[in-house]
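Close look at the chain arrangement
Each chain, letter by letter, is given below.
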Amino acid sequence: MSQVKLAIIYYSSTGTNYKMAKWAEEEAKKTGAEVKLLRVPELAPMESIEQNPAWKEHYLQTKDEVEEAKVDDMDWADAILFSVPTRFGNVPAQFKQYMDMAGGLWFQGKLVDKVVSAMTSAQNPHGGQESTLLNLYTTMFHWGALIAAPGYTDDAIFASGGNPYGTSVSVDADGNMKEDIEPAVRHQVRRTLDVAGKINR
């Protein structure tokens, strides 16, 4: 899979989706793929971030460590794996703005046949995990991208809660993941790269 270029693009306020993205990066590198780990720019004012100690800690920890995602990164990639938390059953405003800036690439047809997949998190299993992924994939349909959802292609999907649209996790009030999703994340990455490799060939 060394020929596949994978962009892992995430937004994370307190670290859950960052951790998922890091597992994905590690697994993708094992396969020999060329990988970029990128964070969506933070739009919230510092006054808001500082009101949540976990948010502030994660923001300060990663702002100089992880490169910010640019629209051109989606042009570079053969495959894109998104990891975003749920916000009222949809994606966060930070992520939505990033996606909206891809209009130029869309207009030029540069997002057609990109292989895409997505992961998410919420405070409880029925907190919008599935709808967040489906709403995100709606944008992909407009792009003409090819969605590599995990479906039920591996036992890891059942063990992590059984979301066929993408790996999702519930997080408690202290930020701890309630389900063991790491194997599902790693499987989803391999599946995304496998599909992208077939498209490239």
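Below is a summary of the structure that appears in this document.

Conventions and cut-offs
Residues numbered from 1 in each chain as written. Predicted model: local features only at pLDDT ≥ 70, side-chain atom pairs only at ≥ 80, totals over all residues. Heavy atoms only, no water. Phe/Tyr/Trp six-rings, centres within 6.5 Å; stacked < 30°, edge-to-face > 60°. Buried < 20%, exposed > 50% of the residue type's maximum accessible area, 1.4 Å probe, protein only. Lys NZ or Arg CZ within 6 Å of the ring centre and 35° of its normal. Helix = DSSP H or I, 4+ residues; strand = E, 2+ residues; numbered from the N terminus. Polar contact = N/O pair within 3.5 Å; in protein donor to acceptor, adjacent residues only side chain to side chain. Contact = heavy atoms within 4.5 Å. Expected span 1.5 Å × (residues − 1). Salt bridge = Lys/Arg side-chain N within 4 Å of Asp/Glu carboxyl O. Axes fitted to C-alpha atoms, helices over the stretch in contact; angles between N-to-C directions. Parallel < 35°, antiparallel > 145°, perpendicular 65-115°, else oblique. Left-handed = near helix turned anticlockwise from the far one by under 90°. Nonpolar A, V, L, I, M, F, W, Y, C, P; charged D, E, K, R; others polar.

Once that is clear, we can look at the packing of aromatic side chains. All told, the structure shown has 3 aromatic pairs when counted by the stated rule. With a centroid separation of 5.6 Å and 50° between ring planes, the pair formed by tyrosine 10 and tyrosine 18 is classed as tilted. Judged by relative accessible area, which is 10%, tyrosine 18 ranks as buried. Ring plane angle 25° and centroid distance 5.1 Å describe the contact between tyrosine 152 and phenylalanine 158, whose orientation is recorded as stacked. Between lysine 36 and the ring centre of tryptophan 76, over which it is positioned, the NZ or CZ distance is 4.4 Å.

What follows concerns the side chain of arginine 39. Relative to the helices and strands, arginine 39 resides in strand β2 (residues 34-39). What makes arginine 39 buried here is its relative accessible area of 9%. A distance of 3.4 Å separates a polar atom in the side chain of arginine 39 from the backbone oxygen of threonine 62. When near neighbours in sequence (up to four residues on either side) are disregarded, arginine 39 contacts Tyr10, Thr62, Lys63, Val66, Glu67, Glu68 and Ala69.

Moving on to helix α7 (residues 129-143). Given a rise of 1.5 Å per residue, 15 residues ought to cover 21 Å, and the 22 Å separating the end C-alpha atoms of α7 matches this to within 8%. The first or second residue beyond α7 is glycine 144, which carries a positive phi of 80°.

Right, let's talk about the pattern of salt bridges for a bit. Applying the stated rule across the entire model yields 13 salt bridges. Across the pair glutamate 25 and lysine 22 runs a salt bridge, and its minimum N-O distance is 3.2 Å. With glutamate 25 and lysine 22 both in helix α1 (residues 16-31), this residue pair falls 3 residues apart, about one helical turn. The class for glutamate 25 is buried, based on a relative accessible area of 12%. Among the residues examined, lysine 22 registers a relative accessible area of 33% and is labelled partly exposed. Between glutamate 182 and arginine 186 there is a salt bridge, with its nearest N and O atoms 2.9 Å apart. Here the residue glutamate 182 and the residue arginine 186 both occupy positions in helix α9 (residues 182-200), the gap between them amounting to 4 residues, near one helical turn. Its relative accessible area of 27% is what places glutamate 182 among the partly exposed residues. One salt-bridge network, in which partners are shared between bridges, spans Glu26, Glu27, Lys30, Glu182, Arg186 and Arg190.

Interhelical geometry of α1 versus α9 gives an angle of 50° and a closest axis separation of 9 Å. The angle between α1 and α9 falls in the class oblique. Seen along the crossing, α1 lies across α9 with a hand that is right-handed. For the pair formed by α1 and α9, the contact residues are Met20, Trp23, Ala24, Glu26, Glu27, Ala28, Lys30 and Thr31 on the first element and Glu182, Val185, Arg186, Val189, Arg190 and Leu193 on the second. By residue class, the composition of the contact of α1 with α9 is 7 nonpolar, 1 polar and 6 charged.

Quick look at the environment of glycine 175 now. Among the structural elements, glycine 175 can be located in the loop between β6 (168-170) and α9. The class of glycine 175 is partly exposed, set by a relative accessible area of 40%. Taking the C-alpha atoms as reference points, glycine 175 and threonine 16, 159 residues apart in sequence, are found 7.3 Å from one another.

This is a description of form; function is not addressed.
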